[in-house]
Amino acid sequence: MSTIIVVTVDNGFSSLFVCFFLDRPEITFTVLSKTEQIIAPSVLNLDFSIYSFPLANVTIYHNRNELKTFLITNGQQFFTTSITSCLDEGEYRVEAVNEVGSDNDSVLVSVT
């Protein structure tokens, strides 16, 4: 859901109206299904898109353990991690948070 902020600047001669559309982050995985089967050793590529304004802080978790946090621009993003054993299986979750709200999505990975 968008929030609209309207700012009016009046210098006595003319008025300027500026609209800002604030959106909570929205995450979409673009390649992976909700479950992935991986044969170790291998690599897990998380391919996802995030759209938000203002920009979102994004954190990637593996089984509730933080792997990486970063501020991103809108659009397609990639995160790659090595899969070396069955200890790397579980939930990989992407969480995006900005001043307007948050979103998260996850992929369940099993390793053989």
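Just above, that's the structure.
J.: Account for the overall build of the protein chain, with residues named and values stated.
T.: The secondary structure content of the protein chain amounts to 0 helices and 9 strands. The order of α-helices and β-strands along the protein chain, N terminus first, is β-β-β-β-β-β-β-β-β. Sequence-distant contacts in the protein chain: of pairs separated by 6 or more residues, those separated by 24 or more amount to 58%. As displayed, the protein chain offers around 7000 Å² of accessible surface, 55% of which is attributable to carbon and sulfur atoms.

J.: Run through the sheet that holds strand E5 (residues 57-62), naming residues and quoting values.
T.: In space, the 5 strands of this open sheet follow the order E3-E9-E8-E5-E6, with mixed pairing throughout. Of all strands in the sheet, those with a lone pairing partner are strand E3 (35-38) and strand E6 (65-71), marking the two edges. Ignoring which end each strand starts from, the neighbouring axes of this sheet average 20° apart. With 8 bridges joining them, strand E8 (residues 90-97) and strand E9 (residues 102-111) adopt antiparallel strand pairing. Residue pairing across strands places Glu91 opposite Leu108, the latter belonging to E9.

J.: How would you summarise the environment of Pro41 if you had to cite specific residues and measurements?
T.: Position of Pro41 among the secondary structure elements: in the loop between E3 and strand E4 (42-53). Residue Pro41 is classed as exposed on the basis of its relative accessible area, which comes to 71%. As for Pro41 and Ser85, which are separated by 44 residues in sequence, their C-alpha atoms are 6.7 Å apart.

J.: Provide a residue-level description of the pattern of salt bridges, including the pertinent values.
T.: When the charged atoms of two side chains lie near each other, side chains of opposite charge can form a pair. Enumeration over the complete set of coordinates arrives at 2 salt bridges. A salt bridge links Asp105 to Lys34, with the shortest nitrogen-to-oxygen separation between them at 2.2 Å. One end of the pair, Asp105, is in strand E9; the other, Lys34, is in the loop between strand E2 (15-29) and E3, and 71 residues separate them in sequence. For Glu95, the salt bridge is made with Arg93, and the minimal N-O distance between the two is 3.2 Å. Glu95 sits in the partly exposed class, given a relative accessible area of 23%. Taking relative accessible area as the criterion, Arg93 reaches 18% and is therefore assigned buried.

J.: Lay out the packing of aromatic side chains with the relevant residues and their values.
T.: Inspection of every chain in the model, using the stated rule, returns 1 aromatic pair. Residues Phe29 and Phe48 carry aromatic rings whose centres are separated by 6.1 Å and whose planes lie at 65° to one another, so their mutual orientation is edge-to-face. Separated by 19 residues along the polypeptide, Phe29 in strand E2 and Phe48 in strand E4 bring together distant segments of the chain.

What counts, and at which threshold
Per chain, the residues get numbers from 1 upward, laid out in the order the sequence is written. Local features in this predicted model are restricted to residues of pLDDT 70 or higher, and side-chain atom pairs are both shown and tallied only at a pLDDT of 80 or more, whereas totals for entire chains, interfaces and linings draw on every residue. Side-chain metrics rest on all non-hydrogen atoms present in the structure, leaving aside hydrogens and water. In this text, helices come from DSSP runs of H or I with a minimum length of four residues, and strands from runs of E with a minimum of two, each type numbered from the N-terminal end. Every residue pair with non-hydrogen atoms within 4.5 Å of one another is taken to be in contact. Only the protein chains shown count as cover for residues, and all accessible areas are computed by the Shrake-Rupley method using a 1.4 Å probe. Two strands are counted as paired when DSSP detects at least two bridges linking them. For helices, the axis comes from a line fit to the C-alpha atoms of the stretch in contact; other axes are also lines fit to C-alpha atoms, and the angle between any two N-to-C directions lies between 0 and 180 degrees. Buried residues are those whose accessible area, probed at 1.4 Å on protein chains only, stays under 20% of the maximum for their type, while exposed residues exceed 50% and partly exposed ones sit between those limits. Any carboxyl oxygen of Asp or Glu within 4 Å of a side-chain nitrogen of Lys or Arg constitutes a salt bridge here. Aromatic pairs are defined between Phe, Tyr and Trp rings, using the six-membered ring for Trp, whenever the two ring centres lie within 6.5 Å; interplanar angles under 30 degrees are classed as stacked, those over 60 as edge-to-face, and all others as tilted.

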